[in-house]
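An overview of the molecular structure
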Amino acid sequence: MKKELLAPAGDIEAGYAALYYGADAVYLGLRQFSARATAANFDEAQLGEFAAYAHHLGRKVYVAVNTLAQENEMPDLLKTLDICVRTGADAVIVQDLGVAKIVRDLYPELEMHASTQMAVHNREGALALQKLGFKRVVTARELSLPEIEQIASIPGLDTEVFIHGALCYSYSGLCLFSSLTTGKSANRGKCLYPCRAEFCDENGRKKHFFSMKDLALREDALRLPVLSLKIEGRKKNALYVAAVTDYYRRLLDGEKDDAVRAENIQQIFSRPWCKFHLNSRDKNVIDRDFVGHRGLLIGKVKSYGKGRLVLRSNHTIEKHDGVQIDVPGCEKPFGFSVRELRVSGKNVLTAKTGDIVEVVLPPFAPELHPGLNVYLASASRVKGAYPYAKPKPHAYRSLQGIDVEVRFTQGRIIAKSGSFQAEIDGNLDPAKDAGKVEAAVQQAFGKTGDTCFCLNRLVIENPDGLFAPVSLLNELRRRLYAAIQPEVPVRYLPPRLRNVHRKNPQWIVKVDCPKILQGLDLHDVAEIILMLTPQSDCHEWEGLPQEKIRLSLPPLCRQVNAFRKKIDALLAQGYRKWEIGNYWGREVLPEKDVDVSADYEIYMLNTSAADMAAEMGISRVTLSPEDTFENWQNLSASCSLPLVLPVYEDIALFTSAVCLRDNACKICDKKRKVIHLTRGSDKFAAISENCQTTVLDERAWYIGAQRKLPPADFYRAAFVFRDYTAEDVAALLNKIRAGCELGNTNCGNFIRRI
């Protein structure tokens, strides 16, 4: 199977660099609904020009429409999708179920790819999305090679895998840290990257506990049995895109791993590299001590003093290159531009590999000492090593083919294209040579200039053999082409109800430990949601009314077969009500004779998402706690499915496959361990259990004491992740239902925008 090399483009220059260095396809974003909202991104004219050039080369262009869309943004979403159609995009990359439904139903000409933001981490999740109309899935970055192989074996479904670039600490799509602490949502393309921040643990250590190294699969990318190999980097410049694309293009074309080209990438931009969990679970994927670009390691400080450092360099260094040094106690490496190099006591412009080099330090240099790592962070040679060609401006356009009919009559020439028409008057004499007249018409109307048209077919009717001067024909062409509007079908959103009335909401309680329900009067609770794990034992909830129990499948499941056995056993015992937090859950449950609700990890920020959920056989949806009061109100008034509004919960800010424990995996008991962290005045708890980490705000998320809550069919209080007692739950639930103020809570994005 020929593999596609898929490169990023945050702007048109990066796109041209990607094509020049061998990308088979390029993915990019427009100004709205892009998960890289702070990248330059493309406007319609740039996308049209770039897509036309890519198609001229036989390459493809995918547009990332991969953020969550709120209800009042749906008209703008149609405009964005219209642009994708007009410019000839080959596919759109989607996270939001509502966007997926609109693309599938209203824009069937657009191929649909499931973004990594959909957290596809097992075969079952991929199958569920295939049924919804997705042609391709972008897998979660956390997967091992066997897990990728399972997804890639699905007939008729393309698989895409990241092979290089930045990594998120949390599973993509399951990170709410930036959103709930700052209002800048990763799911809306505005992440402030709190994973890169410094935190302090209970032992007083200040570390970057969540700051991931960069992914670099290198030659291991060739082992992936997938269609598309994806490079991350829509916020990187053209130089970076060129270097990484060139490196992997050569590997795919059968060349050996090129150490020099790999070093070039490290000098342009690179954190330390890792292969994440591709080959096996790896704890050494976090760079705790430093953040940001490091560069290529070229040696260690040999000696230091009198404003100079000495090292034996294992790489060429030139005057004006950028150097960085790891300095303990500093968040970022100390960096500077080399102004003076000395070898054997002489000033040189270039120090060669193996030379003992003196580097003059700037006056603001911190205290250094022997043994510190020294990196080449930028090199003049590399900056000029990746030139690329690009077309002249406006040389390529996405053109719509048109048919034109030109008819001559006495005193008038009429030109038509579809429903558009132009005419021009003139005294038309008989032609001396009718063939020359026809050639003149063909030449005139073949000139489409800067329009978005190309002439497919021209019909000329001149029964009387009349002559028209070229100037008249050119004017007629201009009038006709000015009148023609691109033929893009008008797409309409389905009409929405605006008067859905929801009265007297009932209360739901969600727990991960049935014992903490012992102090509740369950007559006052409409439903009990129990979170399941592979270790859950139904004897734990004996005595609870079965008709009120809903069993919740987790958002992440890396061992589906173990869960299948438990699910089948519980179904056989009569448990018919279930909740899912990821698409895999729908695939493992029966299509009929079950009541399936969706938790908020299956995001519902617009009514189209709820419509798609209904198609999946989901009977009830949960509003997202990262959403806003205004959007909740809009959904409450227009969504036809029953709604659950979370009111109280300890929300997972990060859900990660990366362990924070210091011990080696071989001696780990994998039992629950809580690590307390602070950042300024903010406090967090990282819960490590069974090789998964969940990070919580020490303050529970609570909106019950805010102004009047949006109407919903159910309000929900969830007591999960923390060690609640039955007394805690009983007391808290009474206060929550009464709308009391609670200490040590936050209300997230309730009154702000995201």
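Going by the structure above, here's the rest.
The paragraphs below set out a description of the structure included in this document. Just so it is clear, the model here is predicted, and its values are computed rather than measured. (Residues numbered from 1 in each chain as written. Predicted model: local features only at pLDDT ≥ 70, side-chain atom pairs only at ≥ 80, totals over all residues. Heavy atoms only, no water.)

We now examine the pairing of strand 1 (residues 4-9). Of all 6 residues that make up strand 1, 6 are buried, and the element is covered over most of its length. By the bridge criterion, 3 bridges tie strand 1 to strand 11 (residues 228-231) in an arrangement that is parallel. Bridge pairing in strand 11 links L6 to K230. As paired elements, strand 1 and strand 2 (residues 25-29) share 4 bridges and run parallel to each other. (Buried < 20%, exposed > 50% of the residue type's maximum accessible area, 1.4 Å probe, protein only. Helix = DSSP H or I, 4+ residues; strand = E, 2+ residues; numbered from the N terminus. Pairing = 2+ DSSP bridges.)

So, on to the pattern of salt bridges. Per the stated rule, a full pass over the model turns up 57 salt bridges. A salt bridge links R136 to E4; the nearest nitrogen and oxygen atoms lie 3.0 Å apart. In this pair, R136 is assigned in strand 6 (residues 136-138) and E4 in strand 1, connecting sequence segments 132 residues apart. The class for E4 is buried, based on a relative accessible area of 9%. The residue R478 makes a salt bridge to E475 at a minimum N-O spacing of 3.2 Å. Here R478 pairs with E475, and both are found in helix 12 (residues 470-483), just 3 residues apart, close to one helical turn. Residue classification places R478 among the partly exposed residues on the basis of a relative accessible area of 44%. Shared partners join several salt bridges into a network, and the residues in it are D246, R250, E255, D258 and R261. (Salt bridge = Lys/Arg side-chain N within 4 Å of Asp/Glu carboxyl O.)

So, on to the sheet that holds strand 25 (residues 420-425). Ordered in space as 25-24-23-26, the 4 strands form an open sheet in which the pairing is mixed. Bordering the open sheet on either side are strand 25 and strand 26 (453-461), each of which pairs with just one other strand. Pairwise comparison of adjacent strand axes, ignoring direction, gives a mean angle of 20 degrees for this sheet. Here strand 23 (residues 400-409) runs beside strand 26; their pairing, made up of 8 bridges, is parallel. (Axes fitted to C-alpha atoms, helices over the stretch in contact; angles between N-to-C directions.)

Moving on, we come to the nonpolar core. Counting residues in each nonpolar core, the largest one holds 224 residues, and the members touching the most others are I325 and F719. With 10 residues, helix 8 (residues 238-252) is the largest single contributor of residues to this core. Here I325 is in contact with V301, L309, P333, F334, F336, L368, L372, N373 and V374, once residues within four sequence places are set aside. Core analysis: the next-biggest nonpolar cluster, separate from the first, contains 23 residues, I424, L428, V441 and L473 among them. (Core = buried A, V, L, I, M, F, W, Y, C linked by side-chain atoms within 4.5 Å. Contact = heavy atoms within 4.5 Å.)

Let us look at the packing of helix 4 (residues 97-106) against helix 15 (residues 607-615). In contact at an axis separation of 7 Å, helix 4 and helix 15 are set at 80 degrees when each is read in the N-to-C sense. Classified by the interaxial angle, the pair formed by helix 4 and helix 15 is roughly perpendicular. Contacts from L97, G98, A100, K101, I102, R104 and D105 in helix 4 reach S608, A609, D611, M612 and E615 in helix 15. Taken together, the residues of the contact of helix 4 with helix 15 sort by class into 5 nonpolar, 2 polar and 5 charged. (Parallel < 35°, antiparallel > 145°, perpendicular 65-115°, else oblique. Nonpolar A, V, L, I, M, F, W, Y, C, P; charged D, E, K, R; others polar.)

Counted residue by residue, helix 4 has 7 buried out of 10 residues, so it is predominantly covered. Where helix 4 is concerned, the buried positions are L97, G98, V99, A100, K101, I102 and V103. Of the surrounding secondary structure, the elements contacted by the buried residues of helix 4 are strand 3 (60-65), helix 3 (74-86), strand 4 (91-94), strand 5 (111-114), helix 14 (583-588) and helix 15. Capping the start of helix 4 is the job of one residue whose side-chain oxygen sits 2.6 Å from the backbone nitrogen of G98: D96. (Polar contact = N/O pair within 3.5 Å; in protein donor to acceptor, adjacent residues only side chain to side chain.)

Glancing now at the side chain of S270. Summarising the element assignment, S270 is placed in the loop between helix 9 (259-268) and strand 12 (273-274). Residue classification places S270 among the buried residues on the basis of a relative accessible area of 0%. At 2.7 Å, the side chain of S270 and the side chain of W273 are in polar contact. The contact partners of S270, leaving out residues within four places of it in the chain, are D214, I265, G292, H293, R294 and G295.

Treat this as a map of the structure, not an account of what it does.
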